[in-house]
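# Remarks on the overall topology
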Amino acid sequence: MEKFRTFTSTAVPLPTENVDTDQIIPARFLKATDKQGFGENVFRDWRFNKDGSANTNFVLNDTNFNGSILVAGNNFGCGSSREHAAWALSDYGFKVIISSFFADIFKGNALNNGLLPIQVSEDYLKKLLNKITKDSSTELTINLEEQTLKTPIGEILFDINSYKKMCLINGYDDIDFLISKKEKIEAFEAAIQ
């Protein structure tokens with residue numbers, strides 16, 4: 001995974017509430033076990049019409065909006081526990097998802113795959129969505145070490161599990177973390193023999 005410390009980007013507004021994992025990546029695309037390639041089908045049924053043409057009314061097809069931050073409505077990532085949802089969002093190019101609530105399993109899957117979910121108050125989210133929708137050039141800055149989100153509507157602190165924060169800062173998944181402790185593990189094993 002990439003190391004994550006400070007990050008600035010424009011954002012894509014998706015004010016829809018209760019976005020479930022089947023809307024993020026429909027079940028018919030879950031045949032692969034490799035993380036690559038899922039981004040092309042993220043929000044597939046919203047991004048494309050039944051005939052395969054682009055749905056010009058969907059925000060990801062609006063050239064005014066781009067960036068690596070998705071600002072979504074309340075209750076993002078609900079539904080089934082598929083890790084593929086985090087894979088699809090990350091493979092599409094998102095590094096941060098902001099919402100006023102995340103399903104616990106989605107939040108864990110996101111963090112395990114280098115995607116930072118930032119939970120904000122409903123009021124802050126509403127103002128942020130309004131600002132981004134009116135001005136697509138709005139930049140947001142995330143400082144993971146300080147756990148701050150800075151936007152034109154104000155700077156706030158966000159919570160994150162300390163272990164997951166350390167993993168994101170170092171670019172570790174759980175296996176990488178264990179490998180980083182290899183010398184200490186070997187020294188412990190040698191000491192107890």
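Structure's up top.
Note that the structure is predicted; figures quoted are calculated from it, not measured. (Residues numbered from 1 in each chain as written. Predicted model: local features only at pLDDT ≥ 70, side-chain atom pairs only at ≥ 80, totals over all residues. Heavy atoms only, no water.)

### A closer look at the overall build of the protein chain
The condition that has to hold: Here a helix means four or more residues in a row that DSSP labels H or I, a strand means two or more in a row labelled E, and each is numbered from the N terminus. Radius of gyration here uses only the C-alpha atoms, and the compact-globule reference equals 2.2 Å multiplied by the residue count raised to the power 0.38. Residue exposure (1.4 Å probe, protein chains only): buried if accessible area is under 20% of the type maximum, exposed if over 50%, otherwise partly exposed.
If you tally the helices and strands in the protein chain, you get eight helices and seven strands. Relative to the 2.2 N^0.38 estimate, which gives 16 Å for 193 residues, the radius of gyration of the protein chain is 18 Å and therefore close to what a compact globule would have. For the C-alpha atoms alone, the extent of the protein chain along its principal axes is close to 65 × 40 × 25 Å. Each of the 193 residues in the protein chain was classed as buried or not, and the buried ones make up 43%.

### A closer look at the pattern of salt bridges
The test is simple: The term salt bridge refers to a pairing of a side-chain nitrogen on Lys or Arg with a carboxyl oxygen on Asp or Glu at a separation within 4 Å.
Here the structure, examined in full by the defined rule, presents seven salt bridges. Residue Glu186 pairs with Lys182 through a salt bridge whose shortest N-O separation is 3.9 Å. Taken together, the residues Glu186 and Lys182, both in helix H8 (residues 182-192) and four residues apart, mark about one turn of the helix.

### What to know about the sheet that holds strand S4 (residues 116-119)
Let me state the cut-off plainly: For two strands to pair, DSSP has to find at least two bridges joining them. Here an axis means a line fitted to C-alpha atoms, over the contact stretch when the element is a helix, while the angle between two N-to-C directions is reported on a 0 to 180 degree scale.
Taken together, seven strands build an open sheet; the order of strands is S4-S3-S2-S1-S5-S6-S7 and the sheet is mixed. Strand pairing shows two members of the sheet lacking a second neighbour, S4 and strand S7 (154-157), which therefore form its edges. Averaged over all pairs of adjacent strands, the angle between their axes in this sheet comes to 25 degrees, without regard to strand direction. Judged from the four bridges that link them, strand S6 (residues 148-151) and S7 form a sheet pairing that is antiparallel. Note on S7: the bridge partner recorded for Lys150 is Glu155.

### Section: unusual backbone geometry
The backbone of Phe43 shows a phi angle near 50 degrees, a positive value even though the residue is not glycine. Looking at the secondary structure, you find Phe43 in the loop between helix H1 (21-24) and helix H2 (44-47). Overall, the relative accessible area of 1% leaves Phe43 in the buried class. The phi dihedral of Gln147 falls on the positive side, at around 60 degrees, and the residue is not glycine. Considering the arrangement of structural elements, one finds Gln147 in the loop between strand S5 (139-143) and S6.

### As for the nonpolar core
Basically, it comes down to this: Take the buried Ala, Val, Leu, Ile, Met, Phe, Trp, Tyr and Cys residues and link them wherever side-chain atoms come within 4.5 Å; each set so joined is a nonpolar core. The contact criterion used is simple: two residues touch if any of their non-hydrogen atoms lie within 4.5 Å.
Core analysis: the biggest nonpolar cluster contains 52 residues, and Phe43, Phe76, Leu89, Ile98 and Leu116 have the highest contact counts within it. The residues contacting Phe43, other than those within four sequence positions of it, are Leu14, Val19, Gln23, Ile24, Phe58, Leu60, Leu70, Phe76 and Leu89.

### Comments concerning the environment of Leu157
Following the sequence through the fold, Leu157 ends up in strand S7. Aside from chain neighbours lying at most four places away, what touches Leu157 is Glu146, Gln147 and Thr148.

### Observations regarding the pairing of S6
Successive side chains on a regular strand alternate, one facing one side of the sheet and the next facing the other. Where S5 and S6 come together, three bridges link them in antiparallel fashion. Directly across from Asn143, in S6, lies its bridge partner Thr148. Between S5 and the antiparallel strand that follows it, S6, lie four residues; Gln147 among them carries a positive phi value of about 60 degrees.

### Observations regarding the side chain of Gln147
Applicable threshold: For the purposes of these results, a polar contact is taken to be a pair of N or O atoms within 3.5 Å, where, inside protein, one atom must be able to donate a hydrogen and its partner to accept one; residues adjacent in sequence count only when each atom of the pair is a side-chain atom.
On the basis of relative accessible area, Gln147 is assigned to the buried category, the value being 19%. Side-chain polar atoms of Gln147 contact the backbone oxygen of Phe158, separated by 2.8 Å. A distance of 3.0 Å separates a polar atom in the side chain of Gln147 from a polar atom in the side chain of Lys165. Not counting residues within four places of it along the chain, the set of residues in contact with Gln147 comprises Ile156, Leu157, Phe158, Asp159, Ile160 and Lys165.

### A word on a nonpolar patch on the surface
The criterion, for reference: Exposure above 30% relative accessible area and the lack of any salt bridge qualify a residue for a patch; like charges then connect within 9 Å, and the nonpolar side chains Val, Leu, Ile, Met, Phe, Trp and Tyr within 5 Å. Accessible surface area values rest on a Shrake-Rupley calculation with a 1.4 Å probe, where residue burial reflects the displayed protein chains alone.
Nonpolar side chains collect at one region of the surface, where Ile175, Leu178, Ile179 and Ile185 lie side by side and expose about 380 Å² of accessible area between them. No other element matches helix H7 (residues 174-180), which puts three residues into the nonpolar patch. Along the polypeptide, Ile185 turns up in helix H8.

### Describing the packing of aromatic side chains
For the record, the criterion: For this analysis, a ring pair means two rings from Phe, Tyr or Trp (six-membered ring only for Trp) whose centres lie within 6.5 Å, classed as stacked if their planes differ by under 30 degrees, edge-to-face if by over 60, and tilted for the remaining angles.
Taken as a whole and judged by the stated rule, the model has nine aromatic pairs. Arranged with centres 5.6 Å apart and planes meeting at 10 degrees, the rings of Phe43 and Trp46 form a pair that is stacked. Ring geometry for Phe43 and Phe58: centres 5.8 Å apart, planes at 55 degrees, overall tilted. Here Phe43, found in the loop between H1 and H2, pairs with Phe58, found in the loop between H2 and strand S2 (69-72); they are 15 residues apart in sequence, far enough to count as distant. Per residue, the accessibility class of Phe43 equals that of Phe58, and both read buried.

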